Amino acid sequence: MDLLMQHLFNGVVASSVYMLIAVGITLVFGLTRLINFAHGQFLVLAVFVALDLITAGVPFVFAALAAVVAAGVIGWLSERLLFRFTMDNPYNGLIIGLGLLLVLESAAFKIWGGFQVGVPAALDGGAGLGDTYFAWNRVLVLVMAGLVTAGLFVLLARTKLGAQLRAAHENPVAASHVGVNVGRMVTVAFVAGSALAGLGGVFYGTLQPVGAFDGAHLILKGFAVALLGGLGNVSGLAKASVLYGIGETLVAGYGRAEYVPFFTYGVIIVVLLVRPGGLFEKHPPSDSTFARSSRGVAHVRRHSRVETLLGGAAFVLLPIVIFEAVGTSRLQSLVLLSVLYAIQVYALAYVYETTGVLSIAQGGLMAVGAYSAGVIAVHLGLGFWWALLVAVPLTVVAGALLGLVVSRCTGHYLLLVTLAFSALVTQVTLTAIDLTNGDNGLILPESLPVIGSITFTDLRSQFYLVLLVALLAAFGLRRFKPTRFGRQLAGVRENESLARSIGLRVGRAKVGAFALSGAVSAVGGVLYLYTQTVIVPTSFDTIFSIKIVIILILGGISLAGPLVASMVFVLLPELLRLDPVDQQFLFGVLLIMIILLLPHGLVPALITGYSTLRSRLIRTGHPAAAADSGRPAAGGADVRSPSDLVREEIS
Amino acid sequence: MSEVLLRGAGVTVRFGALVACDSVDIHVAAGEILGIIGPNGSGKSTLLRALSSVHPPTRGGVFWRGQEVTGWKVDKLARHGLVMASQNQMVFSGVTVREALAIAHSCRPKGKRVDEALVGERLVALVGLDAVLDALASDLPLGYLRRLGIGIALAAQPDLLLLDEPAAGLNDFETRELKALLLTLRDLGVTVGIVDHDMTLMVSMCDRVVVLDAGKKLVEGPPSVVVKDPRVIEAYLGTSMGTALEEKS
Ligand SMILES: Nc1ncnc2c1ncn2[C@@H]1O[C@H](COP(=O)(O)OP(=O)(O)O)[C@@H](O)[C@H]1O
Ligand SMILES: [Mg+2]
């Protein structure tokens, strides 16, 4: 019974820290509809800064202040240098935030190393009351966080700045008409939110150790709380953070610490499923606030037959040429790996192209496929065909479930719910040690089946098998286009609310698309297992899912794009001899640069460049012939840029 | 009297303190063209959205063929035969007209009874899109765009089609074509409820007219009677349409 008191106390203290994090998230979201993924990493930064200063002899108070300022400054910089450019499109802002998260994580690792560190508590000792121990430090955290939050409420309610912030939140257009500088308010929200994260970080650091790669995990916690309270709803937050903090502490106290992530992701997914407006919102956000509206003029670029043929040929031949040209088996196995990546990219591209959802759950789906195949091979001794027979339906179900959650929520929540899904799957593979061997991973005791005289034991035959599957996936998914189901998905993509208004069950269509993508993903996952022979949870973690997204954005949606981009993406770091942390840094920078500079993706940019060049050349030759370059005969491949679609979606 | 397809009883829609629709009683009978008119901001669009479940009423009930359907999902209501085409989200824009209509047909549930006049070539001919089948929907001139919007809605085989200002921005010729189309639809058995500002169109086409003013139902009756009603003229007084009404009366 008294243990319960202790858990409750610790839970309330933790909740006060989550409150600080969530207030920052919600402040920024309220004004910009943006969820800054790097927010959690600002917290990590604050922990390291505070620790360094305290170690150097600076008193706790000043170290904490410096950490808060550091977090505020980095928040300010990120708004001025990055997010400012995506204000008209929060979805792109989300992706930039992901990139920033990757960059800051790897930078933190470079500077402070990979160990988890804590901040020395400001106060030692405490008081016992019955069996419950009230550490002074925890009491201090609770009181300080409470005061800061209360101060923030007063600031919002009473001051001119607060009134301007609220006005900008309620109705930016009207606010700017009455003289509120909305742009400045956004900056204020960013700086204040980040500074709060800094303060939260220092406090969090005194409660438990934090490492360089904890940012993603912390943003998800903060987001779970913000969501529970109703995003943008500051007053719901206090209740939500207490609920969440206590819930989490109880899970860790009576269950196991490893179960906490299940709690976090579970909260996110369940809240989004059941009460997308948060627990305390009386009126859930109306559809019109978040739904994708009619997206105006979509850019369908059509290509001539020759270009399509060339693209198709390049798509088939390029990997083969490269595979045969690279001399070493090390490089050949990387080409094989890149085709395995490409299969996942095609699966993701399908969902993206049809439903407009840029899912960060591809790793999760692939993990379901690969692990279910691995588990039945290791524990039941069943081989490849059984693996397919079990993995595909299981992953289809997982994909359908994901699709179900996704179809229940809209706009900015989508990215997060897919992220939570893949984090959840990774956590399962880590925790279900009896089945998955946890961190140590599964080693496959089986090999690919013999078909005729082909044994698939050497790299070359495996490569051609995987390439064949990639081709089948790419062309196969395209075959759905002219079917009834394909058309329904086109309706969802082109104008979801219109499709709904003429009777389409939009949710079902999305579930179908995710299920189909799951099937492809599963086959790819099984092939991954059978060609790489070892799988560990990190093979399919969030970083992997983000890589797939980067490749998709890099390659754009076209037949050859994903394959070419996968090869560049997998081979380049190897040729540059980058270690994984440098790679992560590079991915982050790439992601940011693509969104800011190359919104059409790399491959479509090249194609556009080529088309422009060609039409210039033709125009100089035959003035009349130039007219066709805009929109030649139907039947060509569409090249749509993911970020373009995203842009249109939000507008 | 023919069957009542749709009935709104005491339909009230609030936006905060603003009462956009105030206890409106309204019905649409099978086979008629019902017009809803009223000055700007009188709650016509809000009423259509409430009736079609796009934005369900705060208070009051909506009944479809006698069954209460208040708060139903838009798509469910559409599958039961009530479709609204609003002016701002009319088409699937990134595809050709042909593809847009194919998409619209695919959205209809499999088992649904179809009217032969509202599928395939017949539908294309009905809404007059033969000439532009391979044009991108986003490239269409406004008149065609509206017809595509109506074509898409018709592909769902509605029993009642609600239209919000389908004639806005159309020239006289296009408006006459639109009128011909709507009259043909009525003859084909599709009931129409229409909101529009074009008085000439409304008076000449509608079988019955409901007038809204400041969210309340003001008058209801045959168009020729309604436009002479002093209350209606007063509601419109000072607006350009008021002048139009006075010319008629
Ligand atoms: N989503 C909304 N939120 C707040 N007020 C609205 C909303 N939609 C309409 N209104 C208000 O309701 C009133 C009626 O609007 P509307 O139905 O569009 O009128 P009409 O179509 O007759 O011109 C107007 O005062 C309008 O400002
Ligand atoms: Mg209107």
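Sequence positions are assigned chain by chain, starting from 1 and proceeding in written order. Naming scheme: in the order in which they are written, chains are lettered from A and ligands are numbered from 1. This being a predicted model, a pLDDT of at least 70 is required before a residue's local features are given, and a value of 80 or more before pairs of side-chain atoms are given or counted; all residues contribute to the totals for chains, interfaces and linings. Hydrogens and water are ignored here; the side-chain numbers use all heavy atoms of the structure.

K.L.:
Any chance you could explain the overall build of chain A here in plain terms?
P.N.:
Numbering goes from the N terminus for both helices and strands, where a helix is a DSSP run of H or I of at least four residues and a strand is a run of E of at least two. When its secondary structure is counted, chain A shows 26 helices and 4 strands. Think of it in three bands: with a 1.4 Å probe and only protein chains considered, a residue is buried below 20% of the maximum accessible area for its type, exposed above 50%, and partly exposed in between. Of all 651 residues assigned to chain A, the portion counted as buried reaches 57%. Two residues form a contact once any of their heavy atoms are found within 4.5 Å. In chain A, once contacts between residues fewer than 6 apart in sequence are set aside, the share between residues at least 24 apart is 81%.

K.L.:
Honestly, the overall build of chain B in this entry has me stumped. Any pointers?
P.N.:
Across its full length, chain B holds 10 helices and 10 strands. Its C-alpha atoms put chain B at 50 × 40 × 40 Å along the principal axes. Intrachain contacts of chain B at a sequence separation of at least 6 include 65% that bridge at least 24 residues. Just so you have it, chain B exposes about 10000 Å², and 52% of that area is on carbon and sulfur atoms. The charge count includes Lys and Arg as positive and Asp and Glu as negative, but it does not include His or the ends of the chains. By convention, charge coordinates are those of NZ in Lys, CZ in Arg, CG in Asp, or CD in Glu. Computed over 26 positive and 29 negative side-chain charges, the inter-centroid distance for chain B is 6 Å. Per-residue and other accessible areas were derived by the Shrake-Rupley procedure at a 1.4 Å probe size, with only the shown protein chains allowed to occlude residues.

K.L.:
Quick question: what am I supposed to make of the pairing of strand β8 (residues 191–195) of chain B here?
P.N.:
Regular strands place their side chains on alternate faces of the sheet. Residue and element names in this part refer to chain B. Taking burial as the measure, the 5 residues of β8 include 5 buried ones, the bulk of the element. Along β8, one buried face is formed by T191, G193 and V195 and the opposite face, lined by V192 and I194, is buried too. In this structure, strand β7 (residues 160–164) lies alongside β8, joined through 5 bridges in parallel fashion. Residue pairing across strands places D164 opposite V195, the latter belonging to β8. Orienting the strands away from the viewer, one traces the path from the first strand over the helix to the second; a clockwise path indicates a right-handed crossover. Following the chain from β7 across helix α6 (residues 172–187) to the adjacent parallel β8, one finds a crossover that is right-handed. Strands were regarded as paired on the criterion that DSSP finds at least two bridges between them.

K.L.:
When you look at the site of ligand 1 in this model, what are you seeing that I'm missing?
P.N.:
Residues and elements named next belong to chain B. Proximity is defined per residue: if any heavy atom of the residue lies within 4 Å of a molecule or strand, that residue is considered near it. Taken together, the residues surrounding ligand 1 are F15, L18, A20, P39, N40, G41, S42, G43, K44, S45, T46 and R49. For ligand 1, the protein covers 61% of the area, taking 560 Å² as the surface of the free molecule. Counting only elements with at least two residues in the shell around ligand 1, the list comes to β2 (18–29) and α1 (44–51). Amino acid classes used here: Ala, Val, Leu, Ile, Met, Phe, Trp, Tyr, Cys and Pro are nonpolar; Asp, Glu, Lys and Arg are charged; the rest, including Gly, are polar. Among the residues making up the shell around ligand 1, the classes are represented as 4 nonpolar, 6 polar and 2 charged.

K.L.:
Help me understand the sheet that holds strand β4 (residues 59–64) of chain B in this model?
P.N.:
Across a sheet, paired strands are connected by hydrogen bonds in the backbone, their directions being either parallel or antiparallel. All names here are of chain B. Pairing in this open sheet of 4 strands is antiparallel, and the strands run β2-β1-β4-β5 from one edge to the other. Whereas interior strands pair on both sides, the edge strands pair on one side only; in this sheet they are β2 and β5 (67–68). As paired strands, strand β1 (residues 4–15) and β2 are joined by 8 bridges and run antiparallel to one another. Within β2, the position partnered with R7 by the bridge is H27. Against the sheet, α1 contacts β1, β2 and β4, and its axis sits at roughly 120° relative to β1. Fitted lines through C-alpha atoms serve as axes, helices being fitted only where they are in contact, and the angles separating the N-to-C directions of these axes extend from 0 to 180 degrees.

K.L.:
Explain the pattern of salt bridges to me, please; I cannot follow it from the model alone.
P.N.:
Close approach of charged atoms allows side chains with opposite charge to pair. All names here are of chain B. Here a salt bridge means any side-chain nitrogen of Lys or Arg lying within 4 Å of a carboxyl oxygen belonging to Asp or Glu. Evaluation of the coordinates by the stated rule reveals 22 salt bridges over all chains. Salt-bridge contacts for D75 lead to R79; the nearest nitrogen and oxygen are separated by 3.4 Å. One end of the pair is D75 and the other is R79, both in helix α2 (residues 74–79) and 4 residues apart, which spans about a single turn. Given the relative accessible area of 11%, D75 is considered buried. Judged by relative accessible area, which is 17%, R79 ranks as buried. Between D134 and R98 there is a salt bridge, with the nearest N and O atoms lying 3.2 Å from each other. Taken together, the residues D134 in the loop between α4 (120–127) and α5 (142–155) and R98 in helix α3 (residues 97–106) connect sequence positions 36 residues apart. D134 gets classed as exposed once you look at its relative accessible area, which sits at 53%. By relative accessible area, which is 43% here, R98 ends up partly exposed. In the salt-bridge network here, residues are joined through shared partners; they are E32, R208, K217 and E220.

K.L.:
Is there a simple way to think about the packing of helix α22 (residues 542–555) of chain A against helix α23 (residues 561–575) of chain A in this case?
P.N.:
Residues and elements named next belong to chain A. Relative orientation of the contacting elements α22 and α23 amounts to 120°, with a least axis distance of 8 Å. By the criterion of interaxial angle, the relationship of α22 to α23 is oblique. Crossing geometry of α22 relative to α23 is assigned as right-handed. In contact with K547, I550, I551, L554 and G555 of α22, α23 contributes G561, P562, A565, S566 and F569. Tallied by class, the residues present in the contact of α22 with α23 amount to 6 nonpolar, 3 polar and 1 charged. Note on terminology: angles under 35 degrees are roughly parallel, angles over 145 are roughly antiparallel, angles of 65 to 115 are roughly perpendicular, and the others are oblique. Handedness of a crossing follows from how the near helix is turned relative to the far one, being left-handed for an anticlockwise turn of less than a right angle and right-handed for a clockwise one.

K.L.:
I'm lost on a nonpolar patch on the surface in this one. Help?
P.N.:
Residue and element names in this part refer to chain A. Residues V69, V73, W76, L77 and L81 make up a contiguous nonpolar surface patch of roughly 470 Å² in combined accessible area. As for its placement among the helices and strands, L77 is situated in helix α3 (residues 60–81). Under the relative-accessibility criterion, L77 is labelled partly exposed at 37%. Exposure above 30% relative accessible area and the lack of any salt bridge qualify a residue for a patch; like charges then connect within 9 Å, and the nonpolar side chains Val, Leu, Ile, Met, Phe, Trp and Tyr within 5 Å.

K.L.:
Help me understand the nonpolar core, please; the structure alone is not making it clear to me.
P.N.:
Soluble globular proteins tend to pack their nonpolar side chains together in the buried interior. The nonpolar core is taken to be a set of buried Ala, Val, Leu, Ile, Met, Phe, Trp, Tyr and Cys residues, with the residues joined through side-chain atoms within 4.5 Å. Judged by nonpolar contacts, the single largest core of 255 residues is most densely connected at L148 and I152 of chain B. Membership of the second largest hydrophobic core comes to 26 residues, among which are A50, L51, W64 and L162 of chain B.

K.L.:
Looking at this structure, how should I read the interface of chain A and chain B?
P.N.:
Frequently, the measure chosen for interface size is the accessible area that the parts lose on association. On the side of chain B, 31 residues touch chain A, which itself brings 25 residues to the contact. Interface area for chain A against chain B, summed over the two sides, is near 2300 Å², with a carbon-plus-sulfur share of 57%. The largest share of the area that chain A buries against chain B comes from R484, L498 and I502 of chain A, three residues that together contribute 27% of it. Applying the counting rule to chain A against chain B returns 0 salt bridges. By the criterion applied in these results, polar contacts are pairs of N or O atoms within 3.5 Å in which, for protein atoms, one can donate a hydrogen and the other can accept it, and in which residues neighboring in sequence qualify only through two side-chain atoms. Where chain A packs against chain B, one counts 6 residue pairs in polar contact (both at pLDDT 80 or more). Computed with a 1.4 Å rolling probe, the buried area is the accessible surface lost when two parts are put together, summed over both parts.

K.L.:
Whenever I open this one, the confidence of the model for chain A confuses me. Can you help?
P.N.:
Detailed reading of the predicted coordinates is not advisable wherever pLDDT falls low. Residue and element names in this part refer to chain A. Confidence per residue, as judged by the predictor, is encoded in pLDDT with a range of 0 to 100. Looking at chain A, pLDDT values average 81 and 86% of them are 70 or higher. Summarising per-element confidence for chain A, the mean pLDDT is lowest in helix α12 (residues 287–290) (30) and highest in α3 (94). Scored below 50 in pLDDT, residues 283–301 shows 51 contacts in the model against residues more than four places distant or in partner chains. The low-confidence segment residues 621–651 (pLDDT under 50) makes 82 contacts with residues lying over four places distant or belonging to another chain.

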